[in-house]
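Inside the fold
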Amino acid sequence: MDKQLGFIDLKTLFNDYSDKYIIPIYQRNYAWIDIEIQQLLSDLLNTSESDTAYFLGSLVVQKKTDATYEVIDGQQRLTTLFLLNECLRLLLPDVYNGKSFHLRFEHRKASEDILNGLKDLSPQELDASSIDKRLEEKLKEKSENELKERSGLIAGVCIIEKFLRKLSQDKQEQLCAFLSLKQKNCAYLLRTELPSHIDKNHYFEKMNARGVQLEAQELLKAKMMDALEKNNAEITLFSLIWDSCADMSRFAVQQLYSKLKSPSEEVFSESGLLKSEMTFDKLAKIYTDSNHKLLQNSADSGESEEADSGNSAHDSKKVERTIKTLFTGDISENTENQVTADENKRNPDEDKGSYQSVINFPNFLLQVLSIYLNKNNTSDENAIHIRLDDKFLLEEFSYAPKVPKSKEKPHFDKPEKVKEFIMHLLKMRCLFDCYVLKMTEKEDKEKWGIWSWKKSAKNNYYSVETFSKEFLKESEKKSIESILQLQSMLHVSFNTQTYKKWLLKVLDFLNNATMLNKDFVKTFKEELEKIAAELFKEQYSDVDDVVQYLQDAQYPNITHYTFHYLDYLIWKAFQKDESSKDLLLEKNKQEDKGSVEKLQNAIKNFTFKHRSSVEHYYPQNPASIPPLDKDEEGEKLLHSLGNLCLISEYQNVKLYNSSPEEKRREVLSRLEHTKGIDSAKQALMMMYKQWTDEDITDHQEKVLTLLENERKELKK
C-alpha cells in the first residue's frame, strides 16, 4: 500500500491477488447475523441500481510484510465480503468473474477450514449440513470455541446463499456487474494503514471501548479538519463542536458545558439556542480570551517547521494525527491540552439529560446539509436535493471517490466554508434539542417529551419542558399538547433513520422561525398540522381526492399512515368542547355509559407508539360468531376503512379471531390496569354496542367526515 490512507473499491479487493489479509487471534469470532448481512447485501443491490457510489465503511490494517496486512478494525465486514465473493463464484460462475482474495484467520483452524472448504464446494452444497459434513473429518475433536467459530461462518454463508437465490436472474447479473466494476458506480472501503511504530493493541482496545468503527461521519470530520490544519486552536474548537453535536443522546449545549466548563452567555440564549450573531471566529475569540485551558494551549502550541515546509514528513505526521484524532479524540500530543477528569466532573444534583433521539448523527448531518444548501432558495424549482440516507453521506458532501464533484454542492475545502458549516450544524442541533421530541426516562417510565437544557442559578444545567404551561392560556396549552402528539405521530409513522422528510420540514421551519414571537406556539402547531396533511396526501399521490378514494379503498391498499393520522384527528376532536366530538359519537349505540366514559378518557389520554399490524375489528375468520356475509358487499365491508384499525402485533395475534365484544372486554380490562389503548380509532369503534354492517358504514362515514373537515380547516 503506497498511501497510509486511501480508498479501495471491491473490484480491486476481489481481484488484487497480491494483497493478503490476516484476522489476528485477539479479534472476536465472526458474529454478524442476518440483520447486518442482509442490510449490507441490500445496500449493495440498491446501489447497483443507481448511478452512485456506496461507502462500505473502514478497514484499518497494519502491514506485516510487503503484501500482508493484519486487520485491526473492519474484520466483520471484510469477512462478509469474502463470503459474498465465494458464494457468487460458486452460484454464478458464468456471470461473475471475481477471484478468491486472500483472507486468513490466525491460529483458528475451524475458521480456516471453512474458508478453504468453500472453494471446493459445488453450488448444491451451499447449506449448513453440507458444509458441516465436509468439515466433519477435519474437526473430529471439536472444542466449544471451534464450534462457535464454525457456526457463525456457516450461518453467514447460508444467509448470503438464500439472499442470492431469491434474486431474479437480472438482479443477479446486475449485482455481479456492479461488484466487478462494469458500471460507473462502485462500492468502496476506506483502507487505513496504521504506521508500524503505533501499538496496534492500544488502538484495538480504544476502538473496542468505543464500540464503533471509523465510519463515514468520522472521515467527513477529518476531511473538514484538514482545511483548518494551520490553526490548532480552530481544529480543537471544530472538534469540540462536532463531537458535542455527534452524540444525539445528550443536549449539545450540555456537552459543550462539560468540555469547555461553561458555555458563555455571549454564545447561547437562556433556552440553549445559539445566538444569531455568533460566528466561528467570534466563538474562538470568546473562549481564547477567557483563557480556557483547552483552546489556549492549542493556540500557544503554534505550528512546527515541518508544517510550513509541506514535505512528506509533514504529510505522514498529518495522516497519523488524523487517525489519532479519530480513534482517541486527541488533538495535540501535548497532554496539557486535554481536559482533566476533575474539570469534567459535574455536580451530583445536576440532571444527566440523556434521551433517545429520533435520528442518528449521520442522517442528521444530511438534514443540516440540505437546509444549509437551500437557505437562500425561495422555490422548489431551484432546490438542491440531498438524499437523506447516510450511505450517501460522503457523496452528498462531495467527498466520495470516483464521483465528480457537483457544481451545486460546496466542497468544504476552504476554512471559511468549514467554519460556516460547523456553526450552522451547532445552530441546527440547538434548535433540534429545544423543539424536537425525544424519549427520556421520567420516574422510571419511558416518556415522549420536548425538553430544553437550561442553566440554574448555581451554574448547573438541567432539562426542563421547552414550553412551560404555567403562565399559558388554555388554547396555548392545547397547542403544546398537539405539537407533542403530532411529532410523536410523525415519528412512529416514519421511524426509519433515513429519509425523514417530516423532520427536514420541521427543522427548515425552525431555522426560519422567530421563537420570541408571541404566536410561535400556535404557528408551530399549525405548521406541524400542515406537514402531517401534506404527508397524508403524498401517501396517495396518484389520487385526486383522497377522501373519495378511501370511501371504496380496501385492505391492504390503505396505508399505515392513514390510521396514525386518523388517530391524531380523533384525539384532537376529544380535546375540544363537547360539540367537537358529537360528530363521532352521534349514533353510537353502546348503552354501558361506564364503558363509554372509560374509552373516551382513554382517547383523551392516547399517546402514539410503534404499531405495525392492521386489525379487522370484525374478524376475517371469527371463532365465536358468524362471519360477515360472504357476498361481494360483505367482503367489501370486512376490508373497508370502517372495519380496520392499527394496533400492535402482540395485541392483534392475541385477539386475532375474537369477536368485537371479546376485544372490547380485553381492552377495558387493560384500562383497569392503566395500560392505555393501542388505537384511538379502535376505542371509538368499541363504543358501539354491537358491530353490524350498519355500524361499520356509520363509523367509516364519521372518520371520512373528520378527514374532510380537517382538509377544509387547513385551507382557511
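Note that this is a predicted model, so its numbers are computed, not measured.

**Describing the overall build of the chain**
- On a plain count of helices and strands, the chain comes out with 31 helices and twelve strands.
- Within the span of the chain, comprising 716 residues, buried residues form 53% of the whole.
- Partitioning the intrachain contacts of the chain with sequence separation of at least 6 by distance along the chain shows that 74% fall at a separation of at least 24.
- With the model as given, the accessible surface of the chain reaches about 33,800 Å², and the carbon-plus-sulfur share is 47%.

**Some points on unusual backbone geometry**
- Look at the link from Tyr555 to Pro556: it is a cis peptide, with omega at 10 degrees.
- With respect to the helices and strands, Pro556 occurs in the loop between α23 (546-552) and α24 (560-575).
- For Tyr499, which is not a glycine, the phi torsion comes out positive at approximately 50 degrees.
- Considering the arrangement of structural elements, one finds Tyr499 in the loop between α20 (474-493) and α21 (501-512).

**Topic: the pairing of strand β4 (residues 68-73)**
- The element β4 is extensively covered by neighbouring structure, given that six of its six residues are classed as buried.
- Two strands pair when backbone bridges link them, and strand β2 (residues 20-23) and β4 are joined in this way by three bridges, in the parallel orientation. Opposite Tyr21, over in β4, you have Tyr69 as the bridge partner.
- The pairing of strand β3 (residues 54-65) with β4 spans five bridges and is classified as antiparallel. Residue pairing for β4: Lys63 is matched across the bridge by Tyr69.
- What sits between the antiparallel neighbours β3 and β4 is a turn of two residues.

**Let's talk about the pattern of salt bridges**
- Applying the stated criterion across every chain, the model contains 33 salt bridges.
- Here Glu70 ties to Lys64 by a salt bridge, and the two come within 3.3 Å at their closest N and O atoms.
- For Glu70, a relative accessible area of 5% gives the class buried.
- Residue classification places Lys64 among the partly exposed positions, given a relative accessible area of 44%.
- Note that Asp433 is salt-bridged to Arg429, the shortest N-O span being 2.9 Å. Of this pair, Asp433 and Arg429 both sit in helix α19 (residues 415-435), four residues apart, roughly one helical turn.

**Re the packing of helix α12 (residues 280-289) against α19**
- Interaxial distance between α12 and α19 falls to 9 Å at its minimum, and their mutual angle equals 80 degrees. As the angle between them shows, α12 and α19 are arranged roughly perpendicular. Facing Phe280, Asp281 and Leu283 of α12, the residues of α19 in contact are Lys419, Ile422 and Met423.
- Each residue belonging to the contact of α12 with α19 can be placed in one class, and the counts come to four nonpolar, no polar and two charged.

**So, a negative patch on the surface**
- A contiguous patch of negative charge, built from Asp629, Asp631, Glu632, Glu633 and Asp693, is present on the exposed surface.
- Its location among the elements puts Glu633 in helix α27 (residues 632-638).

**Points about the packing of aromatic side chains**
- On inspection of all chains with the given rule, the structure shows 28 aromatic pairs.
- Judged by centre distance (5.6 Å) and plane angle (45 degrees), the rings of Phe55 and Tyr188 are tilted. A residue pair is termed long-range when its members are at least 10 positions apart, and Phe55 in strand β3 and Tyr188 in strand β6 (residues 187-193) qualify at 133 residues. Across the pair, exposure class does not vary: Phe55 and Tyr188 are buried alike.
- Between the NZ or CZ atom of Arg191 and the centre of the ring of Tyr69, over which it lies, the distance is 5.2 Å.
- Above the plane of the ring of Tyr355 lies Lys438, whose end atom (NZ or CZ) is 5.2 Å from the centre.

**Observations concerning the pairing of strand β12 (residues 644-647)**
- Going residue by residue along β12, you find Leu644 and Leu646 tucked away on one face and Cys645 and Ile647 tucked away on the opposite face as well.
- Bridge count for strand β11 (residues 613-616) against β12 is four bridges, and the pairing is antiparallel. Across the sheet, the residue bridging to Ser613 is Ile647, located in β12.

**Description of the environment of Pro93**
- With respect to the helices and strands, the residue Pro93 is situated in the loop between α3 (75-91) and β5 (102-105).
- Separated by 30 residues in sequence, Pro93 and Pro123 place their C-alpha atoms 9.8 Å apart.

**Thoughts on the environment of Pro415**
- Its place among the elements puts Pro415 in helix α19.
- With 187 residues separating them along the chain, Pro415 and Leu228 place their C-alpha atoms 5.7 Å apart.

**Things to note about helix α31 (residues 693-715)**
- Helix length check: α31 (23 residues) gives 34 Å between terminal C-alpha atoms against 33 Å at 1.5 Å per residue, within 8%.
- Of the residues making up α31, those classed as buried are Asp695, Ile696, Asp698, His699, Gln700, Lys702, Val703, Leu704, Leu706, Leu707 and Glu710.

**Examining the state of the cysteines**
- Throughout the structure, instances matching the rule amount to zero disulfides.
- In this model Cys245 remains outside any disulfide bridge; the closest cysteine sulfur is found in Cys430, 6.9 Å from its own.
- Classification of Cys245 by relative accessible area gives buried; the value is 0%.

**A short note on the side chain of Glu112**
- Summarising the element assignment, Glu112 is placed in helix α4 (residues 109-118).
- Within the local environment of Glu112, its side chain forms a polar contact with the backbone nitrogen of Phe105, the two atoms lying 2.6 Å apart.
- Residue contacts for Glu112: discarding those within four places in its chain leaves Leu103, Arg104 and Phe105.

**Let's talk about the confidence of the model for the chain**
- On average, residues of the chain score 80 in pLDDT, and 78% of them are at 70 or above.
- Ignoring residues within four places in sequence, the model shows residues 303-351, a span with pLDDT below 50, making 90 contacts including any to other chains.

Criteria and cut-off values
Residues numbered from 1 in each chain as written. Predicted model: local features only at pLDDT ≥ 70, side-chain atom pairs only at ≥ 80, totals over all residues. Heavy atoms only, no water. Helix = DSSP H or I, 4+ residues; strand = E, 2+ residues; numbered from the N terminus. Buried < 20%, exposed > 50% of the residue type's maximum accessible area, 1.4 Å probe, protein only. Contact = heavy atoms within 4.5 Å. Areas by Shrake-Rupley, 256 points an atom, 1.4 Å probe, with all protein chains shown as cover. Pairing = 2+ DSSP bridges. Salt bridge = Lys/Arg side-chain N within 4 Å of Asp/Glu carboxyl O. Axes fitted to C-alpha atoms, helices over the stretch in contact; angles between N-to-C directions. Parallel < 35°, antiparallel > 145°, perpendicular 65-115°, else oblique. Nonpolar A, V, L, I, M, F, W, Y, C, P; charged D, E, K, R; others polar. Patch = residues over 30% accessible without salt bridge, like charges linked within 9 Å, V, L, I, M, F, W, Y side chains within 5 Å. Lys, Arg positive; Asp, Glu negative; His and termini not counted. Charge placed at Lys NZ, Arg CZ, Asp CG, Glu CD. Phe/Tyr/Trp six-rings, centres within 6.5 Å; stacked < 30°, edge-to-face > 60°. Lys NZ or Arg CZ within 6 Å of the ring centre and 35° of its normal. Expected span 1.5 Å × (residues − 1). Disulfide = S-S within 2.5 Å. Polar contact = N/O pair within 3.5 Å; in protein donor to acceptor, adjacent residues only side chain to side chain. pLDDT = per-residue confidence, 0-100.

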